[in-house]
Amino acid sequence: MASLKDLRGRINSVKSTRKITQAMKMVAAAKLRRAQAQAEAARPYAERMEKILASLGSAVAGMPDAPRMLVGTGADKVHLLVVVTADRGLAGPFNTQVGRLARARVRALEAEGKTVKILTVGRKGASFLKREFASRLVSEVSYANKKRVGFEDAEAVALTIAEMLDQGAFDVCSLLYNRFRNVISQIPTEQRLIPAPLPEGGVVAGPGPQALYEYEPTEEEILATLLPRNLAIQLYRAILESAAGEHGARMNAMDNATRNAGEMINKLTLNYNRTRQANITRELIEIISGAEAV
Amino acid sequence: MATFLLELVSPEKLLLSRQVEMATIPAIEGEMGVLAGHAPMIVALKGGVIRVRENGAETEKLFVAGGFAEVSGERVTILADEVTPLAQLSRAGSERKLVEAEATLAAVATTDAPEKRDAALLRVLSAKLAVDVAEAA
């Protein structure tokens, strides 16, 4: 049996662990609120953008020289996966979840004989995928040393993707990230970026109500600026959702850790008291039997 | 006077959503005043000032660096890149931004992709415009 001193040491160390996890939970809760507000604030823009894109896209999609970002390159050989994760760990299954989804996608695509390229946003995803798919990794972005991720950051990533598209470096681009459903559940999601998915209603409606719009300048010109922005917006939204999800997941993980530490302390304290009592009893017996012997 | 719903959104937040009488929008081919019942349009914006009229008086002036606007009969949605109320636009601040933008443009090598150069150039132009507007205000 462990000595009393050992037990005391363990109790103290678990206590300080509990303090740390509790503090981390508190911090995550505070950050979650901010991240959630930011994610919600970004939503209206993305929604309106989608609407405009739907009415424009269906007008232009049928044309032979439609922009690549809308209709893709026509081929389906090289896939680019943009994987958005957190920069920090200790958030439960948050990062592994996306990592696992990405791994499954890469394997599935390669089994079909397609080439896969990976672009990671966030350090954790990069280190996860590097282990297995280091040769497919084309670029990694991290916001670890940034306090707040702004729209410009998403724009920079979008620019990289646009550049790769221009060079014909890939045919299809999808985004993998944790969608924030609520504080306790984040859903790893895949979303196609290029070719841009048009809402079904827009395509079916065809030249119906959309034809009413006048465009200034022309549809093509608006689309040429709208599409890169849409790409950036989608990325921005994914990054924000993922940030909110990260804090939610961390809050949960730390809540569990705090509770487990509490349980552990109780068990150890019980053990400690039993050992202490056993020691006292033993000493008493020794004294009594010593006195009897005399 | 008839009103319509004006919505002004930037990627970071929803800035304005209320009934107004008239909005003046800096469209790419010239300023454009929009009243209720305007023909449906989708326009690209060049940098400039959005002016809002409510109850017969001009109530808001906002500087935008660029973006898009969707006009339909009862609603105008402006998707702006960057929005600053004119009152908050300081000359010193926008000049600093201009210097930054010019530095990025200079840093972008000619060997880089044209998109990168365009984006940097666009930033310089919009910063220049912000300086001009701040000066005039």
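All values reported here derive from a predicted model rather than from experimental measurement.

### Focus: the overall build of chain A
Then, number 1: In terms of helices and strands, chain A carries seven helices and six strands.
Then, number 2: Relative to its length of 294 residues, chain A is extended, with a C-alpha radius of gyration of 28 Å against a globular reference of 19 Å.
Then, number 3: The buried share among the 294 residues of chain A stands at 45%.
Then, number 4: Partitioning the intrachain contacts of chain A with sequence separation of at least 6 by distance along the chain shows that 77% fall at a separation of at least 24.
Then, number 5: With an accessible surface of roughly 15100 Å², chain A has 55% of that area assigned to carbon and sulfur atoms.
Then, number 6: Taking the average location of the 41 positive side-chain charges in chain A and that of its 31 negative ones, the two points are 12 Å from each other.

### Points about the overall build of chain B
Then, number 1: Looking only at helices and strands, chain B has two helices and 10 strands in total.
Then, number 2: Moving toward the C terminus, one meets the helices and strands of chain B in the order β-β-β-β-β-β-β-β-β-β-α-α.
Then, number 3: When its C-alpha atoms are laid out on the principal axes, chain B stretches across 55 × 30 × 25 Å.
Then, number 4: For chain B, the proportion of its 137 residues judged to be buried stands at 45%.
Then, number 5: Sequence-distant contacts, at least 24 apart, represent 48% of the contacts inside chain B between residues at least 6 apart.
Then, number 6: For chain B, the exposed area adds up to about 6700 Å²; of that, 54% sits on carbon and sulfur atoms.

### Regarding the confidence of the model for chain B
Then, number 1: Per-chain confidence: chain B averages 82 in pLDDT, with 92% of residues scoring 70 or above.
Then, number 2: With a pTM of 0.81, the predicted complex shows an ipTM of 0.72.

### A short note on helix α3 (residues 94–111) of chain A
Residue and element names in this part refer to chain A.
Then, number 1: For α3, with 18 residues, the first-to-last C-alpha span of 26 Å sits near the 26 Å given by 1.5 Å per residue.
Then, number 2: All buried positions along α3 are accounted for by Phe94, Asn95, Val98, Gly99, Ala102, Val106 and Leu109. The buried residues of α3 occupy an angular sector of 115° when the element is viewed end-on, so they sit on one face.
Then, number 3: Against β1 (78–84), β2 (115–121), α4 (123–133), β4 (172–182), β5 (185–194) and α7 (219–293) lie the buried residues of α3.
Then, number 4: In the stretch just after α3, glycine 113 is the one whose phi turns positive, near 85°.

### With respect to the environment of A:Leu4
Residue and element names in this part refer to chain A.
Then, number 1: Note that leucine 4 resides in helix α1 (residues 4–60).
Then, number 2: Along the sequence, leucine 4 and alanine 86 sit 82 residues apart, while their C-alpha atoms lie 42 Å from each other.
Then, number 3: Leaving out residues up to four positions away in the same chain, leucine 4 has contacts with Tyr272, Thr275, Arg276 and Asn279.

### Focus on the packing of α3(A) against α4(A)
Residue and element names in this part refer to chain A.
Then, number 1: Two elements in contact, α3 and α4, have axes separated by 9 Å at closest approach and are oriented at 35°. Where α3 crosses over α4, the two elements pack in a sense that is right-handed. Residues Asn95, Thr96, Gly99, Arg100, Ala102, Arg103, Val106 and Arg107 of α3 pack against Lys124, Phe128, Leu129, Glu132 and Phe133 of α4.

### A few points about the interface of chain A and chain B
Then, number 1: Tallying the contact residues gives 29 residues for chain A and 30 residues for chain B.
Then, number 2: Together chain A and chain B conceal approximately 2600 Å² of surface at their shared face, both sides included; 62% is due to carbon and sulfur atoms.
Then, number 3: Here chain A is connected to chain B by one salt bridge.
Then, number 4: Here B:Glu7 ties to A:Arg48 by a salt bridge, and the two come within 2.5 Å at their closest N and O atoms.
Then, number 5: Every element with two or more residues in the side of chain A that touches chain B is listed here: α1, α5 (151–166), β6 (214–216) and α7 of chain A.
Then, number 6: Of the residues in the side of chain A that touches chain B, the class split is 17 nonpolar, three polar and nine charged.
Then, number 7: Bridge count for β6(A) against strand β5 (residues 41–45) of chain B is three bridges, and the pairing is parallel. Bridge pairing in β5(B) links A:Tyr215 to B:Ile42.

What counts and how
Residues numbered from 1 in each chain as written. Chains lettered and ligands numbered in written order. Predicted model: local features only at pLDDT ≥ 70, side-chain atom pairs only at ≥ 80, totals over all residues. Heavy atoms only, no water. Helix = DSSP H or I, 4+ residues; strand = E, 2+ residues; numbered from the N terminus. Rg over C-alpha atoms; globule rule 2.2 N^0.38 Å. Buried < 20%, exposed > 50% of the residue type's maximum accessible area, 1.4 Å probe, protein only. Contact = heavy atoms within 4.5 Å. Areas by Shrake-Rupley, 256 points an atom, 1.4 Å probe, with all protein chains shown as cover. Lys, Arg positive; Asp, Glu negative; His and termini not counted. Charge placed at Lys NZ, Arg CZ, Asp CG, Glu CD. pLDDT = per-residue confidence, 0-100. Expected span 1.5 Å × (residues − 1). Arc of directions from axis to C-beta. Axes fitted to C-alpha atoms, helices over the stretch in contact; angles between N-to-C directions. Left-handed = near helix turned anticlockwise from the far one by under 90°. Buried area = accessible area lost by both parts, 1.4 Å probe. Salt bridge = Lys/Arg side-chain N within 4 Å of Asp/Glu carboxyl O. Nonpolar A, V, L, I, M, F, W, Y, C, P; charged D, E, K, R; others polar. Pairing = 2+ DSSP bridges.

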